[in-house]
Amino acid sequence: MVDRLAVLLERFSVTAQVFHAGALCGINTLEPEGDLGQLHLVRAGPVEVFHGDAALRIEAPSLLLYPRPMAHRFVTDPVRGADMACANVRFEGGAGNPIAAALPAFACLPLEAVDGASPVLGLLFDEAFAQRCGRYALVNRLFEAVMILILRQLMENGDVRSGMLAGLSHPRLRNALVAMHEAPAKAWTLEDLAAAAGMSRSVFANAFRETVGITPGQYLQGWRVGLAQHALRRGRPLKVVAADVGYGSEAALSRAFKAQIGLSPREWKRAQAVSPGKAVGAVRDIGIASAALRSGGIVPRPQGAADAGRR
């Protein structure tokens with residue numbers, strides 16, 4: 001089986017930085033900060049979680065993933081609290097990162113449901129709650145390992161219903177997606193991609209649009225422009241970038257760039273220089289400062305059982 005995450009993680013890294021480990025007591029609010037997401041691991045609860053109009057009560061050991069900035073609030077027993085380890089998660093490129101763009105705004109999974117996570121989580125909690133040399137560096141890397149396990153779990157279980165991760169979950173479409181990821185500069189035709197997927201041209205085109213939500217040509221353009229943004233952030237010349245991502249000239253890349261994000265490459269670079277922390281011209285369709293937990297006001301407890309409710 002092809003490795004569906006290898007090229008994605010190689011080109012668009014995901015890093016973590018722990019900012020809390022231990023008992024979290026009372027009412028605490030996490031405000032959005034820059035382009036950071038958060039990953040929270042609940043070792044022992046209960047914990048009530050609020051974001052927007054949604055409410056959730058966590059009884060069993062679970063993980064909560066916010067891949068993009070979103071304000072959320074925790075309510076725990078003011079004395080006993082809940083044992084939690086929390087990290088900021090940075091997807092390189094922010095909202096333009098295709099992994100971050102493909103993930104749901106919020107995901108909650110029981111820890112026992114994540115295949116292969118038990119030894120990683122055991123070591124993570126052991127290090128996070130201890131006082132050993134190098135523990136922060138080690139826990140950061142373990143959080144990053146957990147992120148990869150979450151991505152794998154979402155794909156293997158088909159938990160994401162549309163977009164890139166849904167395509168990577170499909171037993172045939174994933175081969176075409178990985179082919180585009182690995183060779184973006186190739187002059188791909190619909191026939192080539194259908195052959196990679198082992199499907200007829202028409203069946204492939206229909207299945208791709210139904211699953212991913214856009215056409216193969218639109219996806220390829222979005223992937224190429226995302227790679228171009230990644231390279232331009234690193235200071236590579238536009239002419240070189242154009243060739244690397246499959247466009248014969250700067251003008252051709254500029255046209256695709258503007259069609260995809262509404263800005264030319266030079267306009268986008270100027271906007272990035274002015275607002276580097278904002279999602280300026282994020283690729284459509286495919287996608288470390290410490291965040292402070294602060295005390296909040298009184299939050300009504302959710303009504304009824306331990307599942308989604310209304311505030």
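Here's a quick rundown of the structure. (Residues numbered from 1 in each chain as written. Predicted model: local features only at pLDDT ≥ 70, side-chain atom pairs only at ≥ 80, totals over all residues. Heavy atoms only, no water.)

1. Observations concerning the sheet that holds strand β3 (residues 37-44)
Phase 1 of the analysis: Taken in spatial order, the 5 strands of this open sheet run β1-β8-β3-β6-β9, and their pairing is antiparallel. The sheet terminates laterally at β1 (14-24) and β9 (107-110), the two strands that pair on one side only. Averaged over neighbouring strand pairs, the angle between their axes works out to 15° when direction is ignored.
Phase 2 of the analysis: Across 7 bridges, β3 lies against strand β8 (residues 82-91) in antiparallel orientation. If you follow glycine 37 over to β8, its bridge partner there is valine 89.
Phase 3 of the analysis: Packing of helix α3 (residues 118-128) onto the sheet brings it into contact with β1, β3 and β8, and relative to β3 it is tilted by some 90°.
Phase 4 of the analysis: On the sheet, helix α4 (residues 135-157) packs against β1, β3, β6 (62-66), β8 and β9 and is oriented at approximately 110° with respect to β1. (Pairing = 2+ DSSP bridges. Helix = DSSP H or I, 4+ residues; strand = E, 2+ residues; numbered from the N terminus. Axes fitted to C-alpha atoms, helices over the stretch in contact; angles between N-to-C directions. Contact = heavy atoms within 4.5 Å.)

2. Regarding helix α7 (residues 190-197)
Phase 1 of the analysis: When α7 is considered as a whole, its buried residues turn out to be Leu193, Ala194 and Ala197. Projected onto a plane normal to the axis of α7, the buried residues spread over an arc of 100° and lie on a single side.
Phase 2 of the analysis: In this structure, the buried residues of α7 make contact with α6 (173-182), α8 (201-212) and α9 (216-233).
Phase 3 of the analysis: Looking at the residues trailing α7, positive phi occurs at glycine 198, about 70°. (Buried < 20%, exposed > 50% of the residue type's maximum accessible area, 1.4 Å probe, protein only. Arc of directions from axis to C-beta.)

3. Things to note about the side chain of arginine 224
Phase 1 of the analysis: Here arginine 224 shows up in helix α9.
Phase 2 of the analysis: Buried charged residue arginine 224 carries no salt bridge. Nearest counter-charge: aspartate 192, at 9.3 Å.
Phase 3 of the analysis: Engagement of the side chain of arginine 224 in a polar contact is seen with the backbone oxygen of lysine 186, the distance being 2.7 Å.
Phase 4 of the analysis: Not counting chain neighbours up to four residues away, the residues in contact with arginine 224 comprise Pro184, Ala185, Lys186, Trp188, Val245, Gly246 and Tyr247. (Lys, Arg positive; Asp, Glu negative; His and termini not counted. Salt bridge = Lys/Arg side-chain N within 4 Å of Asp/Glu carboxyl O. Polar contact = N/O pair within 3.5 Å; in protein donor to acceptor, adjacent residues only side chain to side chain.)

4. Some thoughts on the nonpolar core
In globular proteins that are soluble, nonpolar side chains generally tend to be buried together.
Phase 1 of the analysis: The biggest cluster of nonpolar side chains holds 78 residues, and the ones touching the most others in it are Leu39, Leu41, Leu124 and Phe143.
Phase 2 of the analysis: Looking at this core element by element, the count peaks at 10 residues for α4.
Phase 3 of the analysis: Excluding residues that lie within four positions of it along the chain, phenylalanine 143 makes contacts with Ala16, Val18, Leu39, Leu41, Ala85, Cys86, Ala87 and Leu124.
Phase 4 of the analysis: If you look at the next biggest cluster of nonpolar residues, it comprises 14 residues, including Val47, Val49, Leu64 and Phe74. (Core = buried A, V, L, I, M, F, W, Y, C linked by side-chain atoms within 4.5 Å.)

5. Observations concerning the pattern of salt bridges
Phase 1 of the analysis: Enumeration according to the criterion identifies 12 salt bridges in this entry.
Phase 2 of the analysis: In this structure, the salt-bridge partner of glutamate 250 is arginine 266, at a minimum N-O distance of 3.6 Å. Residue glutamate 250 is found in helix α11 (residues 250-261), and its partner arginine 266 is found in helix α12 (residues 265-274); the two are separated by 16 residues along the sequence.
Phase 3 of the analysis: One connected set of salt bridges, linked through shared partners, spans Glu48, Arg57 and Glu59.

None of this, on its own, says anything about what the molecule does.
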